Amino acid sequence: MLRRRIIPCLDVAGDIVVKGTRFQDLQVMGDPAELAARYEEQGADEVVLLDITASAEGRAPRPEVVERVARRLGIPLTVGGGLGSLAVIGQVLGAGADKVSLNTPALQQPELITAAAQRFGSQAVVVAVDVRRVDDDWAVFARGGSEPTAWRLAPWLKKVESLGAGEILLTSIDRDGTGGGYDLEALRSAAATVGLPITASGGGAFAEQIAAALAVPGVTGALIAGILHSGRTTVADLKCELHAMGVSVRAAG
Amino acid sequence: MIAIADLGIGNLSSVRWALERLGAQVEVTSSPAALRGAQAIVLPGVGHFEAAAQRLSQGDLGATLRERAQSVPLFGICLGMQLLFERSEEGGEGLGLLPGTVRRMAPRGLPLPHTGWNSVEVEPNAGFLTASGSGEAYFVHSYAVEPAQRAHVAARTEYGERFVSAVRSGHVAGVQFHPERSGAYGRRMLASFLEEVAVCSKSSRPSTSWKGASSA
């Protein structure tokens, strides 16, 4: 039976893990390799490393940082941030990432999804989609949620699936950092639209909220960040609570 | 030395590092000479079957792997396991070391690719695969192998259907999941593999004790 995945996300600025609000007031949370290894030990099923300043600084995530994290990890690693060409995608995968996460570059040049899937396989291509609730629909945003696009959620997901993406990372900008729970309606809409595995992101702070997201058919993973870095909880504690709620999670070790 | 056969596609670093963390001496190579000098060969792989099949048919790589599989352990991972078979619906011819084909999965409405952690139920008498025990491993694939011989099935996994997640025949073994990214269970499996390699490297006639070997 397929287990539900708990995926810690490390937001990095270059080579340090940070936490901020809308990319402002960045607080240093620690070393990415140390944190990733700690979360694996706690029972994390994958780790996402997102370089949140790469795009703005016109660079890709630093290969030496990716390699330092990947060397330590015995679980899958996804890397995102500023991956605007096949060459830099290849560089990040070559440094030891198992998957890349494409967001703004996918919106700017959707053909990059197809090129990456053909070269590295669909399983290596995650498309990250940031949405905001607009009336009865969800609008897709680029550049870390700061730039609206003409896309709505369902048509964009269909497009992304047809272009060869292997996974969707769906983040609710409205919920991100609020701890108010995932946008379950957006997740339901996404899962009804595509047959790809979907990871929920934005707003998850308690086991009940994670369980609610993972109860949506097609949602196979939940991304968590701040609550782990602050030490408020651990992956092990969350999984223990989730298991007690009847969610199928993997035991560490 | 353990050779990781480089088909020029996909990321081989995670497999290399996982083996190195267990103390193995590893070389990533596509050179027939290096492959001939190795105690064992790991054939990893992600991506398209057809692209990998083309690499195998160019130059000596495919022929060298077929030849070495007669005398040293050959361990295929993910696409590398699929390449052990004759052909795939994804297009292209494999190494044909094991009879059977590769087909697209039909997991009854569940998402594809099959992505995430799932149970591996090992069969008895499949060498290092059995020694690792049943456990949970990380999968990411849309195609699954269909061995022509039931005796070659070393493990099964459930995902909307029951599919073959590991195979074994003599020196040739393969797993559909990624032991290099499967935490403690994966480490245990790779350590069992290295132990089998160490035992076999002392033998001029490596083990044929597995159930499928005598009839193959």
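Structure: see above.
What you are looking at is a predicted structure, and each value in this text was computed from that prediction instead of being measured.

**Quick look at the overall build of chain A**
Item 1. Of regular secondary structure, chain A possesses 10 helices and 12 strands.
Item 2. Taken against the 2.2 N^0.38 rule, which gives 18 Å for 253 residues, the C-alpha radius of gyration of chain A at 16 Å falls within 12% of a compact globule.
Item 3. Along the longest, intermediate and shortest principal axes, the C-alpha atoms of chain A span 45 × 45 × 40 Å.
Item 4. Evaluated residue by residue, chain A yields a buried proportion of 58% over its 253 residues.
Item 5. If you take every contact in chain A between residues at least 6 apart in sequence, the share linking residues at least 24 apart comes to 64%.
Item 6. When the accessible area of chain A is evaluated, it comes to approximately 9,600 Å², of which 50% is carbon and sulfur surface.

**Observations concerning the packing of aromatic side chains**
Residue and element names in this part refer to chain B.
Item 1. Applying the stated criterion to the full structure yields 8 aromatic pairs over all chains.
Item 2. Centroid distance Phe-75 to Phe-193: 4.9 Å. Interplanar angle 40°. Geometry classified as tilted. Of this pair, Phe-75 sits in strand S4 (residues 74-77) while Phe-193 sits in helix H7 (residues 183-201), and the two are 118 residues apart along the sequence. Per residue, the accessibility class of Phe-75 equals that of Phe-193, and both read buried.
Item 3. When the ring of Trp-117 is compared with that of Tyr-138, the centres are 6.0 Å apart and the planes differ by 70°; the resulting orientation is edge-to-face.

**Let's talk about the pattern of salt bridges**
When the charged atoms of two side chains with opposite charge come close together, those side chains can pair.
All names here are of chain A.
Item 1. Evaluation of the coordinates by the stated rule reveals 24 salt bridges over all chains.
Item 2. Note that Asp-51 is salt-bridged to Arg-59, the shortest N-O span being 3.0 Å.
Item 3. The buried category is assigned to Asp-51, whose relative accessible area is 3%.
Item 4. Several salt bridges share partner residues, and in doing so they unite Arg-5, Glu-46, Lys-99 and Glu-167 into one network.

**Some details on the environment of Gln-25 of chain B**
Residues and elements named next belong to chain B.
Item 1. In this fold, Gln-25 is placed in the loop between helix H1 (13-21) and strand S2 (26-29).
Item 2. Residue classification places Gln-25 among the exposed residues on the basis of a relative accessible area of 59%.
Item 3. Sequence-wise, Gln-25 and Ala-3 are 22 residues apart; in three dimensions their C-alpha atoms are separated by 8.7 Å.
Item 4. Look past the residues within four positions of Gln-25 in its chain and what remains in contact with it is Met-1 and Ile-2.

**Examining the nonpolar core**
Item 1. If you look at the biggest cluster of nonpolar residues, it comprises 81 residues, and the most contacted ones within it are Val-129 and Leu-170 of chain A.
Item 2. The next biggest cluster of nonpolar side chains, apart from the first, holds 38 residues, and it includes Val-26, Ala-40, Val-120 and Ala-137 of chain B.

Criteria and thresholds
Residues numbered from 1 in each chain as written. Chains lettered and ligands numbered in written order. Predicted model: local features only at pLDDT ≥ 70, side-chain atom pairs only at ≥ 80, totals over all residues. Heavy atoms only, no water. Helix = DSSP H or I, 4+ residues; strand = E, 2+ residues; numbered from the N terminus. Rg over C-alpha atoms; globule rule 2.2 N^0.38 Å. Buried < 20%, exposed > 50% of the residue type's maximum accessible area, 1.4 Å probe, protein only. Contact = heavy atoms within 4.5 Å. Areas by Shrake-Rupley, 256 points an atom, 1.4 Å probe, with all protein chains shown as cover. Phe/Tyr/Trp six-rings, centres within 6.5 Å; stacked < 30°, edge-to-face > 60°. Salt bridge = Lys/Arg side-chain N within 4 Å of Asp/Glu carboxyl O. Core = buried A, V, L, I, M, F, W, Y, C linked by side-chain atoms within 4.5 Å.

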